[in-house]
Amino acid sequence: MEHSSLPRVFIVGGGFAGLAAAKALAHAPVQVTIVDRRNYHVFQPLLYQVATAALSPADISAPIRSVVRGQKNCQVVLGEVTGIDITSKTVAFADGHVSYDYLILATGATHAYFGHDEWAPIAPGLKGIEDAIELRRRILLAFENAEYENSDEIRRAALTFGIVGGGPTGVELAGAIKEIAGRILPPA
Ligand SMILES: Cc1cc2nc3c(=O)[nH]c(=O)nc-3n(C[C@H](O)[C@H](O)[C@H](O)COP(=O)(O)OP(=O)(O)OC[C@H]3O[C@@H](n4cnc5c(N)ncnc54)[C@H](O)[C@@H]3O)c2cc1C
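Residues numbered from 1 in each chain as written. Predicted model: local features only at pLDDT ≥ 70, side-chain atom pairs only at ≥ 80, totals over all residues. Heavy atoms only, no water.

S.K.: For the overall build of the chain, give the residues involved together with the corresponding values.
M.R.: In terms of regular secondary structure, the chain is built from six helices and nine strands. Its C-alpha atoms give the chain principal-axis dimensions of roughly 70 × 40 × 30 Å. One way to put it: in the chain the 16 positive side-chain charges average out to a point 8 Å from where the 19 negative ones average out. (Helix = DSSP H or I, 4+ residues; strand = E, 2+ residues; numbered from the N terminus. Lys, Arg positive; Asp, Glu negative; His and termini not counted. Charge placed at Lys NZ, Arg CZ, Asp CG, Glu CD.)

Right, dumping it as structure tokens:
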């Protein structure tokens with residue numbers, strides 16, 4: 001429901017932060033718009049399970065519209081923000097711009113290669129569904145390639161996984177790869 005006379009709150013990003021902001025404004029006299037370049041929210045803590053084929057992408061994502069369904073002062077727009085002009089209070093898209101009264105930027109973070117972007121192709125990050133699917137492809141193919149490899153050295157290389165980052169996700173990923181190798185792939 002659109003109330004054109006109410007202040008327009010524009011939230012960029014439908015992640016945890018953007019959704020929390022929208023919900024906090026559920027009963028405020030404002031008109032809330034969430035814009036995201038994806039029309040779905042991703043539960044990032046379980047990305048590692050998609051990357052190791054334990055869950056499918058749909059298990060850890062939900063349409064942003066369904067998350068805020070029932071919140072009468074909130075609408076969801078699919079689009080990629082390309083710029084912001086705080087003087088004119090407008091948000092730019094590739095094909096136009098939208099005015100706001102209040103702006104909340106909740107665009108998340110991305111991983112860093114510490115000035116070595118050339119590492120990206122060999123060491124992909126794990127921030128979104130696309131990353132998880134690509135990691136899954138690489139991990140499962142490594143096992144498949146090792147299966148038909150005659151050289152011990154090449155097989156060992158194929159089955160050696162390097163994980164940069166020993167926080168919860170790195171440790172969970174390591175454990176899940178071990179599960180694949182020791183429990184899921186070996187014949188019964
Ligand atoms: C693999 C992994 C595991 C994690 N595990 C845990 C955990 O166990 N516990 C915990 O507390 N935290 C965990 N975190 C951290 C937690 O998930 C993040 O802190 C949280 O998701 C950040 O929320 P956010 O809303 O700031 O950003 P995000 O969830 O990244 O959302 C940002 C949104 O903005 C959108 N966006 C970005 N740029 C634009 C643009 N230009 N135009 C339109 N839309 C845009 C994106 O599409 C995205 O939907 C984990 C993170 C990762 C990556």
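Next, the rest of the story.
S.K.: Please provide a residue-by-residue account of the sheet that holds strand β6 (residues 83-85), values included.
M.R.: Taken together, three strands build an open sheet; the order of strands is β6-β7-β8 and the sheet is antiparallel. The two strands at the open ends of the sheet, each matched to only one other strand, are β6 and β8 (96-99). With strand direction ignored, the average angle separating the axes of adjacent strands in the sheet is 25°. Where β6 lies against strand β7 (residues 90-93), three bridges are found, and the strand directions are antiparallel. (Pairing = 2+ DSSP bridges. Axes fitted to C-alpha atoms, helices over the stretch in contact; angles between N-to-C directions.)

S.K.: So what's going on with the site of the ligand? Which residues, and what values?
M.R.: Surveying the vicinity of the ligand reveals 20 residues, the closest of which are Ala-17, Asp-36, Arg-38, Val-81 and Thr-169. One nitrogen or oxygen atom from the main chain of Ala-17 is found 2.8 Å from an oxygen atom belonging to the ligand. Measuring from an oxygen atom of the ligand, one finds a side-chain N or O atom of Arg-38 at 3.0 Å. Calculation on the ligand without its partners gives an accessible area of 1000 Å², and the protein chains cover 72% of this total. For the shell around the ligand, a count of residues per class yields seven nonpolar, eight polar and five charged. (Near = heavy atom within 4 Å. Polar contact = N/O pair within 3.5 Å; in protein donor to acceptor, adjacent residues only side chain to side chain. Areas by Shrake-Rupley, 256 points an atom, 1.4 Å probe, with all protein chains shown as cover. Nonpolar A, V, L, I, M, F, W, Y, C, P; charged D, E, K, R; others polar.)

S.K.: Give a detailed account of a nonpolar patch on the surface, specifying residues and quantitative values.
M.R.: A cluster of nonpolar residues, Ile-84, Ile-86 and Leu-105, forms a patch on the protein surface that exposes about 310 Å² of accessible area. Summarising the element assignment, Leu-105 is placed in strand β9 (residues 102-105). (Patch = residues over 30% accessible without salt bridge, like charges linked within 9 Å, V, L, I, M, F, W, Y side chains within 5 Å. Salt bridge = Lys/Arg side-chain N within 4 Å of Asp/Glu carboxyl O.)

S.K.: So what about helix α1 (residues 16-24)? Which residues, and what values?
M.R.: Within α1, the full set of buried residues consists of Gly-18, Leu-19, Ala-21 and Ala-22. Angularly, the buried residues of α1 cover 160° about the axis, an arc narrow enough to put them on a single face. Set apart from the buried face of α1 by more than 90 degrees, the exposed residues are Phe-16 and Ala-24. In this structure, the buried side of α1 is in contact with β1 (8-12), β2 (31-36), β3 (40-42), α3 (64-67), β5 (74-78) and β9. (Buried < 20%, exposed > 50% of the residue type's maximum accessible area, 1.4 Å probe, protein only. Arc of directions from axis to C-beta. Contact = heavy atoms within 4.5 Å.)

S.K.: Would you mind going over the pattern of salt bridges in detail, with residue names and values included?
M.R.: Applying the stated criterion across every chain, the model contains six salt bridges. A salt bridge links Arg-37 to Glu-80, with the nearest nitrogen and oxygen atoms 3.2 Å apart. Note that Arg-37 is positioned in the loop between β2 and β3 and Glu-80 in the loop between β5 and β6, a separation of 43 residues in sequence. Taking the relative accessible area as the measure of exposure, Arg-37 reaches 59% and is therefore exposed. One salt bridge in this structure joins Arg-137 and Glu-134, with 3.0 Å as the shortest N-O distance.

S.K.: So what's going on with the sheet that holds β5? Residues and values would help.
M.R.: The sheet built from four strands is open, its strands ordered β5-β2-β1-β9 with parallel pairing. Both edges of this open sheet fall to β5 and β9, since each of them pairs with a single strand only. Across this sheet, the average inter-strand angle for adjacent strands is 20°, counted without regard to direction.

S.K.: Account for the environment of Thr-33, naming residues and giving values.
M.R.: Along the chain, Thr-33 turns up in strand β2. On a C-alpha basis, the gap between Thr-33 and Gly-15 in space is 14 Å, while along the polypeptide they are 18 residues apart. Residues contacting Thr-33, with those up to four places away along its chain left out, are Val-9, Phe-10, Ile-11, Gln-75 and Val-77. A distance of 3.1 Å separates the side chain of Thr-33 from the side chain of Gln-75, its partner in a polar contact.

Taken by themselves, the reported measurements are silent on function.
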